[in-house]
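Structural description and commentary
Here are the chains, one letter per residue:
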Amino acid sequence: MELFTRTVLLLSVLHGMLVQAAPCNPRSPHWKALAPIPLYPRQEHTTLALNSTTLAILGGIIPITNSSPPLFTTTPLLQLYDIPTNKWHPAPAAPAPIPINHPNAVVVNSKLYLLGGLSDAGDGVWRGTNQSFVYDIRSNTWSALPPMPASDVARGSAAMGVDEQTGVVYLAGGMTQLPLIEGAGVQESVAAVSAFDTRTNQWVSLGSLPRGVRRMPGRRDHAGAAVVQGVLYVLGGRDTGQTNVRGEVFALNLRDLGKGWVTKKGVMPTPRGGVSAAAVGGKVYVFGGEGNPEEGSDGVFGQVEAYDTRTDSWERLGRMRAPRHGTSAVAVGRGVYIPGGGIRLGGAPVDTFDVFYPEACEWL
Ligand SMILES: *[C@@H]1O[C@H](CO)[C@@H](O)[C@H](O)[C@H]1NC(C)=O
Ligand SMILES: *[C@@H]1O[C@H](CO)[C@@H](O)[C@H](O)[C@H]1NC(C)=O
(Lines give C-alpha, C1' and ligand atoms only; values in the text may rest on other atoms or scores of the structure.)
(Ligands and ions follow the chains in the order given, each with its own letter.)
Protein backbone atom coordinates (compact mmCIF):
# COMPACT_ATOMS: atom_id res chain seq x y z
CA MET A 1 0.00 0.00 0.00
CA GLU A 2 2.71 2.44 1.03
CA LEU A 3 4.87 1.48 -1.92
CA PHE A 4 1.91 2.04 -4.21
CA THR A 5 1.28 5.50 -2.75
CA ARG A 6 4.95 6.41 -3.18
CA THR A 7 4.98 5.18 -6.76
CA VAL A 8 1.89 7.21 -7.58
CA LEU A 9 3.48 10.26 -5.93
CA LEU A 10 6.71 9.78 -7.86
CA LEU A 11 4.80 9.35 -11.10
CA SER A 12 2.79 12.50 -10.54
CA VAL A 13 5.98 14.45 -9.73
CA LEU A 14 7.55 13.12 -12.96
CA HIS A 15 4.39 14.02 -14.84
CA GLY A 16 4.58 17.56 -13.44
CA MET A 17 8.19 17.87 -14.66
CA LEU A 18 7.25 16.61 -18.12
CA VAL A 19 4.39 19.06 -18.37
CA GLN A 20 6.71 21.92 -17.39
CA ALA A 21 9.35 20.85 -19.93
CA ALA A 22 6.83 20.74 -22.79
CA PRO A 23 7.33 23.27 -25.60
CA CYS A 24 5.51 26.51 -24.98
CA ASN A 25 3.68 29.26 -26.73
CA PRO A 26 6.42 31.11 -28.64
CA ARG A 27 4.80 34.51 -28.13
CA SER A 28 7.04 35.59 -25.29
CA PRO A 29 6.35 37.76 -23.45
CA HIS A 30 2.70 38.48 -24.19
CA TRP A 31 -0.45 40.21 -22.97
CA LYS A 32 -4.07 39.15 -22.65
CA ALA A 33 -7.12 41.36 -22.10
CA LEU A 34 -9.30 40.43 -19.11
CA ALA A 35 -12.81 41.38 -17.96
CA PRO A 36 -12.95 45.15 -17.33
CA ILE A 37 -13.41 46.41 -13.76
CA PRO A 38 -17.17 46.68 -13.06
CA LEU A 39 -19.00 49.73 -11.62
CA TYR A 40 -16.30 52.41 -12.03
CA PRO A 41 -13.00 53.01 -13.78
CA ARG A 42 -10.32 53.07 -11.12
CA GLN A 43 -6.95 54.64 -10.37
CA GLU A 44 -4.59 55.05 -7.38
CA HIS A 45 -5.94 51.85 -5.80
CA THR A 46 -3.98 48.83 -4.61
CA THR A 47 -4.16 45.38 -6.18
CA LEU A 48 -3.73 42.30 -3.99
CA ALA A 49 -3.84 38.53 -4.30
CA LEU A 50 -6.12 37.32 -1.49
CA ASN A 51 -5.28 33.71 -2.30
CA SER A 52 -4.21 31.66 -5.32
CA THR A 53 -7.45 32.34 -7.22
CA THR A 54 -8.85 35.64 -5.98
CA LEU A 55 -7.56 39.15 -6.60
CA ALA A 56 -8.77 42.32 -4.90
CA ILE A 57 -8.67 46.01 -5.74
CA LEU A 58 -8.94 48.39 -2.81
CA GLY A 59 -9.57 52.14 -2.59
CA GLY A 60 -8.37 54.67 -5.15
CA ILE A 61 -10.25 57.34 -7.05
CA ILE A 62 -13.36 57.05 -9.22
CA PRO A 63 -15.03 59.66 -11.46
CA ILE A 64 -17.95 61.76 -10.26
CA THR A 65 -20.47 61.13 -13.04
CA ASN A 66 -21.33 63.97 -15.41
CA SER A 67 -18.88 66.40 -13.82
CA SER A 68 -17.24 68.83 -16.21
CA PRO A 69 -14.30 69.26 -16.01
CA PRO A 70 -13.95 65.65 -14.85
CA LEU A 71 -13.78 65.37 -11.08
CA PHE A 72 -12.88 62.41 -8.93
CA THR A 73 -13.74 61.17 -5.51
CA THR A 74 -11.84 58.87 -3.16
CA THR A 75 -13.50 55.50 -2.60
CA PRO A 76 -13.43 52.78 0.06
CA LEU A 77 -14.48 50.14 -2.54
CA LEU A 78 -13.13 46.60 -2.30
CA GLN A 79 -13.84 44.47 -5.38
CA LEU A 80 -12.87 40.86 -5.94
CA TYR A 81 -11.93 39.02 -9.13
CA ASP A 82 -11.80 35.28 -9.77
CA ILE A 83 -8.80 34.28 -11.92
CA PRO A 84 -9.97 30.83 -13.17
CA THR A 85 -13.30 32.15 -14.54
CA ASN A 86 -12.10 35.67 -15.50
CA LYS A 87 -15.09 37.12 -13.61
CA TRP A 88 -15.43 39.92 -11.10
CA HIS A 89 -17.61 39.07 -8.12
CA PRO A 90 -21.09 40.47 -8.89
CA ALA A 91 -21.24 42.53 -5.68
CA PRO A 92 -18.36 44.43 -4.07
CA ALA A 93 -16.96 43.03 -0.81
CA ALA A 94 -17.29 44.99 2.45
CA PRO A 95 -15.82 48.46 1.82
CA ALA A 96 -12.85 49.74 3.84
CA PRO A 97 -13.96 51.72 6.93
CA ILE A 98 -12.60 54.94 5.31
CA PRO A 99 -12.34 56.17 1.71
CA ILE A 100 -8.65 56.03 0.83
CA ASN A 101 -6.38 56.57 -2.19
CA HIS A 102 -2.77 55.48 -2.60
CA PRO A 103 -3.45 52.87 0.12
CA ASN A 104 -0.56 51.02 1.74
CA ALA A 105 -1.87 47.45 1.70
CA VAL A 106 -0.58 43.88 1.72
CA VAL A 107 -1.94 40.38 2.27
CA VAL A 108 -0.34 38.21 4.95
CA ASN A 109 -1.76 34.79 5.88
CA SER A 110 -5.15 35.38 4.26
CA LYS A 111 -5.63 38.78 5.89
CA LEU A 112 -5.53 42.11 4.10
CA TYR A 113 -3.69 44.82 6.05
CA LEU A 114 -4.47 48.43 5.19
CA LEU A 115 -1.73 50.50 6.83
CA GLY A 116 -2.61 54.09 6.03
CA GLY A 117 -2.72 55.88 2.70
CA LEU A 118 -3.96 59.28 1.55
CA SER A 119 -7.33 60.64 2.60
CA ASP A 120 -9.38 63.43 1.11
CA ALA A 121 -10.70 66.06 3.52
CA GLY A 122 -12.23 67.96 0.60
CA ASP A 123 -9.84 70.94 0.90
CA GLY A 124 -7.83 70.24 -2.24
CA VAL A 125 -4.98 68.37 -0.55
CA TRP A 126 -4.83 64.62 -0.06
CA ARG A 127 -3.01 63.94 3.20
CA GLY A 128 -1.45 60.91 4.82
CA THR A 129 -3.68 59.16 7.31
CA ASN A 130 -2.42 57.03 10.21
CA GLN A 131 -5.64 54.96 10.28
CA SER A 132 -5.07 51.24 9.83
CA PHE A 133 -7.37 48.26 9.45
CA VAL A 134 -7.36 44.56 8.76
CA TYR A 135 -9.81 42.74 6.49
CA ASP A 136 -10.66 39.11 7.12
CA ILE A 137 -11.17 37.40 3.79
CA ARG A 138 -13.29 34.54 5.12
CA SER A 139 -15.72 36.61 7.17
CA ASN A 140 -15.70 39.64 4.83
CA THR A 141 -15.26 42.01 7.78
CA TRP A 142 -12.94 44.87 8.67
CA SER A 143 -11.49 45.62 12.12
CA ALA A 144 -9.44 48.54 13.37
CA LEU A 145 -5.70 48.20 14.02
CA PRO A 146 -3.60 50.60 16.09
CA PRO A 147 -2.98 53.77 14.04
CA MET A 148 0.54 54.41 12.82
CA PRO A 149 2.37 56.00 15.81
CA ALA A 150 3.08 59.73 15.84
CA SER A 151 6.83 58.95 15.75
CA ASP A 152 6.32 57.58 12.22
CA VAL A 153 5.24 59.61 9.20
CA ALA A 154 1.62 59.18 8.06
CA ARG A 155 1.71 58.73 4.31
CA GLY A 156 0.39 56.97 1.22
CA SER A 157 2.03 55.36 -1.80
CA ALA A 158 4.67 53.58 0.29
CA ALA A 159 6.61 50.69 -1.25
CA MET A 160 5.47 47.59 0.62
CA GLY A 161 7.18 44.29 1.41
CA VAL A 162 6.48 41.38 3.73
CA ASP A 163 9.01 39.20 5.51
CA GLU A 164 7.19 35.86 5.20
CA GLN A 165 9.30 34.34 7.97
CA THR A 166 8.47 36.89 10.66
CA GLY A 167 5.16 38.29 9.38
CA VAL A 168 6.59 41.83 9.58
CA VAL A 169 5.39 44.27 6.91
CA TYR A 170 7.75 47.05 5.80
CA LEU A 171 6.60 50.41 4.41
CA ALA A 172 9.37 52.20 2.53
CA GLY A 173 9.04 55.85 1.57
CA GLY A 174 5.75 57.27 0.35
CA MET A 175 4.19 60.72 0.19
CA THR A 176 2.73 62.76 3.05
CA GLN A 177 0.56 64.97 0.87
CA LEU A 178 -0.63 65.38 -2.70
CA PRO A 179 -1.98 68.89 -3.38
CA LEU A 180 -4.57 69.04 -6.16
CA ILE A 181 -4.66 72.84 -6.41
CA GLU A 182 -2.02 75.46 -7.24
CA GLY A 183 -0.17 76.95 -4.30
CA ALA A 184 -1.17 74.25 -1.82
CA GLY A 185 2.39 72.98 -1.38
CA VAL A 186 4.51 70.26 -2.92
CA GLN A 187 3.99 66.53 -3.33
CA GLU A 188 6.10 65.70 -0.32
CA SER A 189 8.12 62.49 -0.68
CA VAL A 190 9.81 60.78 2.25
CA ALA A 191 12.64 58.29 2.77
CA ALA A 192 11.11 57.06 6.04
CA VAL A 193 10.62 53.36 6.77
CA SER A 194 7.96 51.91 9.09
CA ALA A 195 7.25 48.34 10.10
CA PHE A 196 4.11 46.55 11.31
CA ASP A 197 4.14 43.14 12.98
CA THR A 198 1.16 41.07 11.79
CA ARG A 199 1.75 38.44 14.52
CA THR A 200 1.24 40.93 17.36
CA ASN A 201 -0.85 43.47 15.40
CA GLN A 202 1.47 46.21 16.64
CA TRP A 203 3.67 48.78 14.93
CA VAL A 204 7.36 48.02 15.38
CA SER A 205 9.07 50.82 17.29
CA LEU A 206 11.51 52.62 15.02
CA GLY A 207 14.18 52.52 17.74
CA SER A 208 14.23 48.72 17.57
CA LEU A 209 15.15 48.77 13.85
CA PRO A 210 18.84 49.01 12.91
CA ARG A 211 19.81 52.58 11.99
CA GLY A 212 20.52 51.63 8.37
CA VAL A 213 16.94 50.37 7.97
CA ARG A 214 15.04 53.44 9.19
CA ARG A 215 15.57 55.52 6.05
CA MET A 216 16.01 54.58 2.40
CA PRO A 217 19.00 56.08 0.58
CA GLY A 218 16.61 58.59 -1.05
CA ARG A 219 13.04 59.91 -0.87
CA ARG A 220 10.60 57.96 -3.01
CA ASP A 221 6.90 57.59 -3.66
CA HIS A 222 5.01 55.93 -6.50
CA ALA A 223 7.88 53.42 -6.76
CA GLY A 224 7.70 49.75 -7.72
CA ALA A 225 8.26 47.19 -4.98
CA ALA A 226 8.71 43.44 -4.68
CA VAL A 227 10.27 40.91 -2.33
CA VAL A 228 12.50 38.28 -3.97
CA GLN A 229 14.33 35.69 -1.85
CA GLY A 230 13.81 37.74 1.31
CA VAL A 231 15.11 40.99 -0.20
CA LEU A 232 12.79 44.01 -0.56
CA TYR A 233 13.47 45.91 -3.78
CA VAL A 234 12.20 49.47 -4.31
CA LEU A 235 12.47 50.36 -7.98
CA GLY A 236 12.27 53.78 -9.59
CA GLY A 237 9.60 56.14 -8.28
CA ARG A 238 9.74 59.87 -7.91
CA ASP A 239 11.00 62.51 -5.50
CA THR A 240 8.64 65.46 -4.97
CA GLY A 241 6.48 65.61 -8.07
CA GLN A 242 5.32 63.68 -11.12
CA THR A 243 8.18 64.70 -13.42
CA ASN A 244 11.01 64.25 -10.90
CA VAL A 245 11.39 60.63 -11.90
CA ARG A 246 14.08 58.33 -10.53
CA GLY A 247 15.68 55.11 -11.77
CA GLU A 248 17.68 53.67 -8.87
CA VAL A 249 16.95 50.34 -7.20
CA PHE A 250 17.15 50.33 -3.40
CA ALA A 251 17.38 46.95 -1.66
CA LEU A 252 16.93 45.81 1.93
CA ASN A 253 17.73 42.25 2.95
CA LEU A 254 14.90 41.43 5.36
CA ARG A 255 16.86 38.39 6.66
CA ASP A 256 19.91 40.50 7.50
CA LEU A 257 18.60 43.91 8.52
CA GLY A 258 21.97 44.90 10.03
CA LYS A 259 23.27 45.47 6.50
CA GLY A 260 20.68 48.21 5.96
CA TRP A 261 19.59 49.65 2.62
CA VAL A 262 21.91 49.48 -0.37
CA THR A 263 21.67 51.14 -3.79
CA LYS A 264 22.15 48.59 -6.55
CA LYS A 265 24.34 49.18 -9.62
CA GLY A 266 21.58 48.42 -12.15
CA VAL A 267 19.61 51.58 -12.99
CA MET A 268 16.24 51.46 -14.78
CA PRO A 269 16.61 52.10 -18.52
CA THR A 270 13.61 54.47 -18.31
CA PRO A 271 13.49 56.18 -14.90
CA ARG A 272 9.86 56.81 -13.85
CA GLY A 273 7.33 56.92 -11.06
CA GLY A 274 3.67 55.93 -10.96
CA VAL A 275 4.75 52.46 -12.00
CA SER A 276 3.32 49.08 -11.15
CA ALA A 277 5.64 46.16 -10.42
CA ALA A 278 5.62 42.48 -9.53
CA ALA A 279 8.12 39.63 -9.36
CA VAL A 280 8.00 36.35 -11.28
CA GLY A 281 10.93 34.04 -10.74
CA GLY A 282 14.02 36.12 -9.97
CA LYS A 283 12.91 39.13 -12.01
CA VAL A 284 10.89 42.19 -11.05
CA TYR A 285 8.76 43.50 -13.92
CA VAL A 286 8.05 47.23 -13.93
CA PHE A 287 5.19 48.64 -15.99
CA GLY A 288 4.15 52.08 -17.23
CA GLY A 289 4.36 55.24 -15.18
CA GLU A 290 3.70 58.96 -15.09
CA GLY A 291 5.70 62.07 -16.01
CA ASN A 292 6.69 61.19 -19.59
CA PRO A 293 7.78 64.48 -21.27
CA GLU A 294 7.54 62.92 -24.78
CA GLU A 295 5.18 64.54 -27.29
CA GLY A 296 2.03 62.46 -27.80
CA SER A 297 2.54 60.40 -24.65
CA ASP A 298 -0.16 62.19 -22.60
CA GLY A 299 2.46 62.19 -19.84
CA VAL A 300 2.24 58.41 -19.51
CA PHE A 301 4.98 55.82 -19.96
CA GLY A 302 4.25 52.52 -21.69
CA GLN A 303 7.58 50.82 -21.07
CA VAL A 304 7.88 47.33 -19.62
CA GLU A 305 11.32 46.69 -18.14
CA ALA A 306 12.59 43.85 -15.99
CA TYR A 307 15.17 43.92 -13.23
CA ASP A 308 17.02 40.63 -12.79
CA THR A 309 17.81 40.35 -9.07
CA ARG A 310 20.48 37.70 -9.78
CA THR A 311 22.55 39.76 -12.20
CA ASP A 312 21.64 43.27 -10.94
CA SER A 313 20.78 44.27 -14.51
CA TRP A 314 17.79 45.43 -16.55
CA GLU A 315 16.23 44.41 -19.84
CA ARG A 316 13.62 46.15 -22.00
CA LEU A 317 10.49 44.18 -22.89
CA GLY A 318 8.57 46.47 -25.22
CA ARG A 319 5.40 48.36 -24.40
CA MET A 320 2.28 47.70 -22.37
CA ARG A 321 -0.81 46.62 -24.30
CA ALA A 322 -2.48 49.71 -22.82
CA PRO A 323 0.02 52.17 -21.26
CA ARG A 324 -1.03 53.56 -17.89
CA HIS A 325 0.12 54.84 -14.51
CA GLY A 326 -1.44 54.95 -11.05
CA THR A 327 -2.30 51.29 -10.87
CA SER A 328 -0.60 48.34 -9.24
CA ALA A 329 0.36 44.87 -10.33
CA VAL A 330 0.16 41.50 -8.64
CA ALA A 331 1.79 38.24 -9.74
CA VAL A 332 -0.09 34.96 -9.42
CA GLY A 333 1.44 31.88 -10.97
CA ARG A 334 3.08 32.98 -14.20
CA GLY A 335 0.89 36.01 -14.82
CA VAL A 336 1.15 39.62 -13.71
CA TYR A 337 -2.33 41.15 -13.32
CA ILE A 338 -2.78 44.91 -13.83
CA PRO A 339 -6.31 46.33 -13.29
CA GLY A 340 -7.22 49.96 -14.01
CA GLY A 341 -4.91 52.97 -13.84
CA GLY A 342 -4.80 56.39 -15.49
CA ILE A 343 -4.19 57.02 -19.20
CA ARG A 344 -3.16 60.69 -18.93
CA LEU A 345 -1.00 62.66 -16.49
CA GLY A 346 -3.05 63.14 -13.30
CA GLY A 347 -6.55 61.72 -12.98
CA ALA A 348 -7.85 59.75 -16.00
CA PRO A 349 -9.06 56.39 -14.66
CA VAL A 350 -9.97 53.45 -16.89
CA ASP A 351 -11.58 50.06 -16.34
CA THR A 352 -8.99 48.30 -18.52
CA PHE A 353 -7.68 45.06 -17.05
CA ASP A 354 -5.00 42.86 -18.52
CA VAL A 355 -2.43 40.22 -17.65
CA PHE A 356 1.20 40.02 -18.74
CA TYR A 357 2.95 36.67 -19.16
CA PRO A 358 6.69 37.31 -18.97
CA GLU A 359 7.57 33.80 -20.04
CA ALA A 360 6.47 31.74 -22.99
CA CYS A 361 4.08 29.38 -21.21
CA GLU A 362 0.71 30.06 -19.68
CA TRP A 363 0.81 27.37 -17.04
CA LEU A 364 -2.73 28.10 -15.94
C1 LIG B 1 -10.12 32.62 -2.11
O2 LIG B 1 -10.91 33.61 -1.51
C3 LIG B 1 -12.21 33.73 -2.06
C4 LIG B 1 -12.88 34.93 -1.44
O5 LIG B 1 -13.01 34.80 -0.07
C6 LIG B 1 -12.97 32.43 -1.82
O7 LIG B 1 -14.25 32.50 -2.40
C8 LIG B 1 -12.19 31.28 -2.46
O9 LIG B 1 -12.80 30.05 -2.17
C10 LIG B 1 -10.76 31.25 -1.96
N11 LIG B 1 -10.01 30.27 -2.73
C12 LIG B 1 -9.07 29.52 -2.19
C13 LIG B 1 -8.35 28.62 -3.13
O14 LIG B 1 -8.80 29.55 -1.00
C1 LIG C 1 -3.62 59.97 14.05
O2 LIG C 1 -4.00 61.09 13.26
C3 LIG C 1 -5.03 61.88 13.86
C4 LIG C 1 -5.43 62.94 12.84
O5 LIG C 1 -4.33 63.62 12.34
C6 LIG C 1 -4.50 62.46 15.16
O7 LIG C 1 -5.52 63.21 15.80
C8 LIG C 1 -4.06 61.30 16.09
O9 LIG C 1 -3.46 61.84 17.23
C10 LIG C 1 -3.05 60.43 15.36
N11 LIG C 1 -2.74 59.25 16.18
C12 LIG C 1 -1.49 58.92 16.49
C13 LIG C 1 -1.34 57.67 17.28
O14 LIG C 1 -0.54 59.57 16.13
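The protein chain goes by Galactose oxidase in an unreviewed UniProt entry, where it is assigned to Achaetomium macrosporum.

**Comments concerning the overall build of the protein chain**
When helices and strands are counted, the protein chain shows one helix and 26 strands. For 364 residues, the compact-globule formula gives about 21 Å, and the C-alpha radius of gyration of the protein chain, at 20 Å, lands near that figure. Taken along its principal axes, the extent of the C-alpha atoms in the protein chain is 75 × 45 × 45 Å. Taken across its 364 residues, the protein chain has 53% of its residues classed as buried. Across the protein chain, contacts joining residues at least 24 apart in sequence account for 54% of those joining residues at least 6 apart. In the structure as shown, the protein chain presents an accessible area of about 16000 Å², 54% of it carried by carbon and sulfur atoms. Charge centroids of the protein chain, computed over 30 positive and 28 negative side chains, lie 4 Å from each other.

**Comments concerning the environment of Glu164**
As for its position among the elements, Glu164 is in the loop between strand S12 (159-163) and strand S13 (168-179). Overall, the relative accessible area of 59% leaves Glu164 in the exposed class. Along the chain, Glu164 and Gly230 lie 66 residues apart, while their C-alpha atoms are 7.9 Å from each other.

**Notes on the pattern of salt bridges**
In total, this model carries 14 salt bridges according to the counting rule given. The residue Asp354 makes a salt bridge to Arg321 at a minimum N-O spacing of 3.0 Å. Of this pair, Asp354 sits in strand S26 (residues 353-357) while Arg321 sits in the loop between strand S23 (313-319) and strand S24 (330-332), and the two are 33 residues apart along the sequence. A residue is classified by how much of its surface remains accessible, and Asp354, at 0% relative accessible area, is buried. In this structure, Arg324 and Asp354 form a salt bridge, with 3.0 Å as the shortest nitrogen-oxygen distance. Of this pair, Arg324 sits in the loop between S23 and S24 while Asp354 is found in strand S26, placing the two residues 30 residues apart along the sequence. With relative accessibility at 1%, the residue Arg324 sits in the buried group.

**Brief notes about the nonpolar core**
Within the largest apolar cluster, 19 residues are counted, with the highest numbers of intra-cluster contacts made by Tyr170, Ala172, Met216, Leu232, Val234 and Trp261. For this core, the secondary structure elements donating two or more residues are S13, strand S14 (188-197), strand S17 (231-235) and strand S18 (249-253). The greatest single-element share of this core, amounting to three residues, is contributed by S13. Those residues in contact with Trp261 that lie beyond four places of it in its chain are Ala172, Val193, Gly212, Val213, Arg215, Met216, Pro217, Leu232, Val234, Phe250, Ala251 and Leu252. Leu58, Ala94, Leu112 and Phe133 belong to the second-largest nonpolar core, a separate cluster that totals 17 residues.

**Focus: the site of ligand 2**
Contacts to ligand 2 come from Asn130, Pro147, Met148 and Ala150. At a separation of 2.3 Å, an oxygen atom of ligand 2 approaches a polar side-chain atom of Asn130. Between ligand 2 and Ala150, the relevant distance is 3.5 Å, taken from an oxygen atom to a main-chain nitrogen or oxygen of the residue. In the complex, the protein chains occlude 32% of the 360 Å² of accessible area that ligand 2 would expose alone. Residue classes in the shell around ligand 2 are distributed as three nonpolar, one polar and no charged.

**Some details on the packing of aromatic side chains**
Counted according to the given criterion, the structure contains 13 aromatic pairs. With 5.4 Å between their ring centres and 55 degrees between their planes, Trp88 and Phe353 make a pair best called tilted. Of this pair, Trp88 sits in strand S7 (residues 87-88) while Phe353 sits in strand S26; the two residues are 265 residues apart in sequence, bridging distant segments of the chain. Given a relative accessible area of 11%, Trp88 falls into the buried group. Since its relative accessible area comes to 1%, Phe353 is described here as buried. By the ring-pair criterion, three or more aromatic residues cluster together here, those being Trp31, Tyr285, Phe287 and Phe356.

**Some words on unusual backbone geometry**
The amide bond that connects Ser68 to the next residue, Pro69, takes the cis arrangement and shows omega of 0 degrees. Within the secondary structure layout, Pro69 lies in the loop between strand S4 (61-63) and strand S5 (72-74). With a phi angle near 50 degrees, Asn109 is a residue other than glycine that sits in the positive phi range. By the secondary structure assignment, Asn109 is in the loop between strand S8 (105-108) and strand S9 (111-120). Exposure remark for Asn109: the relative accessible area of 67% places this residue in the exposed category. With a phi close to 50 degrees, Gln229 is a non-glycine residue in the positive phi region. The class of Gln229 is exposed, set by a relative accessible area of 76%.

**Some thoughts on the sheet that holds strand S3 (residues 54-58)**
Think of a sheet as strands paired side by side through backbone hydrogen bonds, with each pair either parallel or antiparallel. Here four strands make up an open sheet; going across it, the order is S2-S3-S6-S7 and the pairing antiparallel. Two strands lie at the open edges of the sheet, namely strand S2 (46-49) and S7, each paired on one side alone. The pairing of strand S6 (residues 78-82) with S7 spans two bridges and is antiparallel. Bridge pairing links Tyr81 to Trp88 in S7.

Conventions adopted
Residues numbered from 1 in each chain as written. Chains lettered and ligands numbered in written order. Predicted model: local features only at pLDDT ≥ 70, side-chain atom pairs only at ≥ 80, totals over all residues. Heavy atoms only, no water. Helix = DSSP H or I, 4+ residues; strand = E, 2+ residues; numbered from the N terminus. Rg over C-alpha atoms; globule rule 2.2 N^0.38 Å. Buried < 20%, exposed > 50% of the residue type's maximum accessible area, 1.4 Å probe, protein only. Contact = heavy atoms within 4.5 Å. Areas by Shrake-Rupley, 256 points an atom, 1.4 Å probe, with all protein chains shown as cover. Lys, Arg positive; Asp, Glu negative; His and termini not counted. Charge placed at Lys NZ, Arg CZ, Asp CG, Glu CD. Salt bridge = Lys/Arg side-chain N within 4 Å of Asp/Glu carboxyl O. Core = buried A, V, L, I, M, F, W, Y, C linked by side-chain atoms within 4.5 Å. Near = heavy atom within 4 Å. Polar contact = N/O pair within 3.5 Å; in protein donor to acceptor, adjacent residues only side chain to side chain. Nonpolar A, V, L, I, M, F, W, Y, C, P; charged D, E, K, R; others polar. Phe/Tyr/Trp six-rings, centres within 6.5 Å; stacked < 30°, edge-to-face > 60°. Pairing = 2+ DSSP bridges.

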